[in-house]
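Next come the chains, spelled out residue by residue.
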Amino acid sequence: MESMLNKLKSTVTKVTADVTSAVMGNPVTREFEVGRHIASGGPGLCWRIYNGTKKSTKQEVAVFVFDKKMIDKYQKFEKDQIVDSLKRGVQQLTRLRHPRLLTVQHPLEESRDCLAFCTEPVFASLSNVLGQWDNLPSPMPSDIKEYKLYDVETKYGLLQISEGLSFLHSGVKMVHGNLCPENIILNKSGAWKIMGFDFSISSNNPSDAEPKYTCKEWEPNLPPLCLPNPEYLAPEYILSVSCDSASDMYSLGVVMHAVFNEGKPVFQVNKHDIFKSFSRQLDQLSSISPAVLNKIPEEVREHVKMLLSVTPNVRPDADQMTKIPFFDDVGAVTLQYFDSLFQRDNLQKSQFYKGLPKVLPKLPKRVVVYRILPALTSEFVNPDMVPFVLPNVLLIAEECTKEEYVRLILPDLSPVFKQQEPVQASNMILLIFLQKMDLLLTKTPAEDIKNSVLPMVYRAVEAPSVQIQELCLNIIPTFANLIDYPSMKNSLIPRIKSACLQTSSLAVRVNSLVCLGKILEYLDKWYVIDEILPFLQQIPSREPAVLMGILGIYKCTFSHKKLGIPKEHLATKSLPHLVSLSIDNNLNLNQFNSFMVVIRDMLSRMENEHKTKLEQLHIMQEQQRSINISNPGHQAEETKSPPSSGNQIDDIFGSSGVNGKENGSAAAAPQPNRMSLTLEEKQRLAKEQEQAAKLRNQQPLAPQSVKPANTTNTKTKDLTSSLLNNMTSLNSLSLANTARPAPVQGTTMSAFPSSGPMVGSMGAPVSNGFNPTMGFQTGGMGMGMGMRPAGPGLYGGMATTTSTPNFGALTQNQGPIGQTNKAPDMSALDSLFSPSQPKVTLNQMGPKPTAGTNTPWISQFGSAQNAQTQMQGAPVGMGGVPSGFGMQANPFFSPQNFSQPAAAASMNQSGIKQSASVNNDLKDLFG
């Protein structure tokens, strides 16, 4: 590890020393910060290229540096020739301005050790990309080593060079004189630019139609840096000492050959015998072999062959080359259009941007990111163009990595997030961003989401446009899992609630409820109970879609395993609200049935939970009583204290626990004196206590029926049978010999336990073993869980209003203790049955569905089996689907249950105007 650190340190030190020594003292360093060495270019690749930034503006630049130490081996006059040639080329480049020429940002500066000038940001020279790595840093930059040109880059690059030559030949009347890969630079965006004007030749008569150029004779004794690259020179340059614009076109033909042949020119030239080499080359060009051009694409092969012609007049000129079919590639044309955007008006630009998404997938990612993206983001300064440019930018962002998105795209998007003018463009921008919200929240850093993205979402929820509100509410659930909880709780949910209450659009109100229903799973239980459910009672309108949305939120909360509604809330708030909504006249039959299914599920769960709680309390009381019986000392203490109300109730009616009869008898019979018991009685009492303890240990916590120990007793099915068994188990009780008391005047049966205790003829309070007060249910409502509301009466024919029998005398006519195991006489129950109907057992009291009966009331609740299943505590969702929380069980994700009749859809009792898309939205939302 230490050796690696030392190696890295030495490398950094070396690079820093090279940069410092190369540029130290040069005036360029006053205004520009010089970075690392990235490439090389120019004649003989003598210029080292560094990245850099302007100190005042932080603008990115490329710094070209020529280190004079490279020419220390030459004589002084040769050094001066080389320096003068390089300076001449840079000065000529600085004077020329064209998109196809390398742009100079700072002119040439000379110091004792180096020459330096600054240009637009640069990636590398074409020679570096094609495999010529002279004067490059060590180790080799991986981006250059692994760089491969795509077809679209090659085509458009050659087109750019042709356009640059056309500018030089037609516009400036100049011959470049040394066009080769070394003098073609790829800038940071990938565009090909021309440099290296060291040997350029201007026309002697620029005003004439036919320019004339004076060519210098080849001097082989000059240093190589003072001569053009002979492998790319036209034959007439050497053999006839003449040149014109066609000479540059020959050089272009050799460049095209090199691009398709890994940087190799057409012929290798012996620089020591240049004239002989060119003479041989001339003969080969006269009858060029097809094998020389076999790697060049067929559609441009003939044009390259013409460019390499010996006769200059046969070569196409630069303007003709720009129009050959080879460059009519969709990618090349697209890039060319981007380069000419500054000449287009807004209408032309908008039409181009609309068709761009079809082209972008066909282009390489590098071209899209580094060529097209900068041109697109530069249009953000034009507010009217942003809605046309933004979809393309987001399409590119999808293909970028998160690092590329943050570095290349997000800085330009941040101002667009906050754009609000002009209003029409701002609304379109909101719609576009909302459709790509998952992309923004996935790749944008958390801090930028909080500061830029979420405020835009809040603005969309509160937008005056109904269309934007609807779209925003529909899209929010798709990315709700990406929003942090505090933002959702404190910012998003309050705005959705406000939009629901304040809007005048039915579609927005319904979509608000649907949105809340879909994001319930991302909220905590108590926030939903404290904030969401009370909000539902504030909604003023009563359209069926709104009511079904409210029902859906209740159902989702009730059935979700993480949320749920406490039974106290069910009893006091949820059920009263739902019951009042269920009888709204706007609901159709299916919607009413949906309400009733949820209401019954809530009632069933509330009943089961509370019943379980009471039974657990009862079991605890029984356990405490058994402890008192087994502890005589504790029993003696109990005799000194007054009995509790629970014990008083059990003393009157006994217990409805495991064995109601025995417990009731034990409670009613006087207890023997523990101190005077014989040994046999104590043993018998211990065995009885042991058996009772075993029975109690088998008692389950959940409410269910258990067979009594005494087989002669009637099997209990519900609270009524348990009550009757307890009453008949009282000691020495004989209903057959007891006179039936007169009915209590003015007393009717109550459907639910009354608030005060029922009092018999002797003033003793009556209890059923579970509650301190006992009441009886009226006809029309079953007393057991399996009973249905339909039927003529409680016991099949009994009048709905009867007098309450007086059981006060039951506690006064108790027989001897020894008669407790005698089978009870049931004749006293005759008064409970109608005289015209035969007696039925307690097991037959529950009403049975009549075979073949198919009434509308029964059909809308399902079969008796389904009803029994629901009453046993298995929640059933709307439409018979088992409740659960997810895409299938959530009614907001299964909106077919929210249907409403066509007539009801047009009803509007609250004066709410409906948007044009309400009917379609409701159809999509609720089926």
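Look above for the structure.
Residues numbered from 1 in each chain as written. Predicted model: local features only at pLDDT ≥ 70, side-chain atom pairs only at ≥ 80, totals over all residues. Heavy atoms only, no water.

### Notes on the sheet that holds strand S4 (residues 104–110)
Think of a sheet as strands paired side by side through backbone hydrogen bonds, with each pair either parallel or antiparallel. Rules: We call two strands paired when DSSP finds no fewer than two bridges between them. Put simply, DSSP marks the helices as runs of H or I at least four residues long and the strands as runs of E at least two long, and each gets a number from the N terminus on. Axis angles are defined between N-to-C directions and span 0 to 180 degrees, where every axis is a line fitted to C-alpha atoms and, for a helix, only to the segment in contact. Note on contacts: a residue pair is in contact if any heavy atoms of the two residues lie within 4.5 Å.
Taking strand neighbours across the sheet as the criterion, the five strands line up as S1-S2-S3-S5-S4 in an open arrangement whose pairing is antiparallel. Only two strands of the sheet have a single neighbouring strand rather than two, namely strand S1 (32–41) and S4. Each strand of the sheet is rotated relative to its neighbour by a mean of 25°, with strand direction disregarded. Helix H3 (residues 76–95) contacts strand S2 (47–54), strand S3 (60–67), S4 and strand S5 (114–119) of the sheet and is inclined by roughly 155° relative to S4.

### Here we look at the pattern of salt bridges
For clarity, the cut-off: The term salt bridge refers to a pairing of a side-chain nitrogen on Lys or Arg with a carboxyl oxygen on Asp or Glu at a separation within 4 Å. A 1.4 Å probe rolled over the protein chains alone gives each residue an accessible area, and that area as a share of the maximum for its type sets the label: buried under 20%, exposed over 50%, partly exposed in between.
Taken as a whole, this structure holds 22 salt bridges when the rule is applied. The salt bridge partner of Glu120 is Lys193, with a shortest N-O separation of 3.0 Å. Here Glu120 is found in the loop between S5 and strand S6 (122–125), whereas its partner Lys193 is found in strand S9 (residues 192–194), with 73 residues between them in sequence. Residue class for Glu120 comes out buried when judged on its relative accessible area of 11%. Through salt bridges with shared partners, a single network forms among Arg100, Glu163, Asp339 and Arg371.

### Describing helix H16 (residues 402–417)
Because the α-helix completes a turn every 3.6 residues, residues three or four places apart line up on one side. Going by this rule: Any helix carries an expected span of 1.5 Å times its number of residues minus one.
Between its terminal C-alpha atoms H16 stretches only 18 Å, short of the 22 Å expected from 16 residues at 1.5 Å a residue. Looking at H16, one finds that the buried residues are Glu404, Tyr405, Ile409, Leu410, Leu413, Val416 and Phe417.

### Points about the packing of aromatic side chains
For any pair of aromatic rings, the description consists of the separation of the ring centres together with the inter-plane angle of the planes. How we decide: For Phe, Tyr and Trp, where Trp contributes only its six-membered ring, two rings pair if their centres lie within 6.5 Å, and the inter-plane angle classes them as stacked under 30 degrees, edge-to-face over 60, or tilted in between. Here, a charge over a ring is recorded when the distance from Lys NZ or Arg CZ to the ring centre is within 6 Å and its angle to the ring normal is within 35 degrees.
Summed over the entire model, instances satisfying the criterion amount to nine aromatic pairs. Geometrically, the ring pair formed by Phe352 and Tyr353 is tilted, given 5.7 Å between the ring centres and 55° between the ring planes. A relative accessible area of 16% places Phe352 in the buried class. Here a set of aromatic residues connected by ring pairs shows up, and it is made of Trp47, Phe64, Phe66 and Phe117. Cation over ring: Arg366 sits above Tyr147, and NZ or CZ is 3.9 Å from the ring centre. Just above the ring of Phe558 sits the side chain of Arg605; from NZ or CZ to the centre is 3.9 Å.

### Re the pairing of S4
Two elements, S4 and S5, share four bridges in a ladder whose sense is antiparallel. By the bridge assignment for S5, Val104 is matched with Thr119.

### Some points on the sheet that holds S6
One open sheet holds the three strands; their spatial order is S6-S8-S9, and the pairing between them is antiparallel. Only two strands of the sheet have a single neighbouring strand rather than two, namely S6 and S9. On average, each strand axis in the sheet is inclined to that of its neighbour by 35°, with strand direction left out of account. As paired strands, strand S8 (residues 184–187) and S9 are joined by three bridges and run antiparallel to one another. Across the sheet, residue Ile184 finds its bridge partner in S9, namely Ile194.

### Details of the nonpolar core
Where we set the bar: In these notes, a set of buried Ala, Val, Leu, Ile, Met, Phe, Trp, Tyr and Cys residues joined through side-chain atoms within 4.5 Å is what counts as a nonpolar core.
Of all hydrophobic cores here, the largest spans 183 residues; its most connected members are Trp47, Ile372, Leu413, Phe433, Met437 and Leu440. Top element by residues in this core is helix H24 (residues 544–559). It accounts for 10 residues. Ranked by size, the runner-up nonpolar core spans 13 residues in total, among them Ile201, Trp218, Ile238 and Ile274.

### Digging into the pairing of S2
As defined by bridge partners, S1 adjoins S2 across seven bridges and the pair is classed as antiparallel. Following the sheet pairing, Val34 is matched in S2 by Gly52. A loop of five residues connects S1 with S2, the two strands running antiparallel in sequence, and Gly42 in this loop sits at a positive phi of about 85°. Here S2 runs beside S3; their pairing, made up of six bridges, is antiparallel. Bridge pairing links Gly52 to Val61 in S3. Where S2 folds back onto S3 in an antiparallel hairpin, the turn is made up of five residues, including Lys58, whose phi is positive at roughly 60°.

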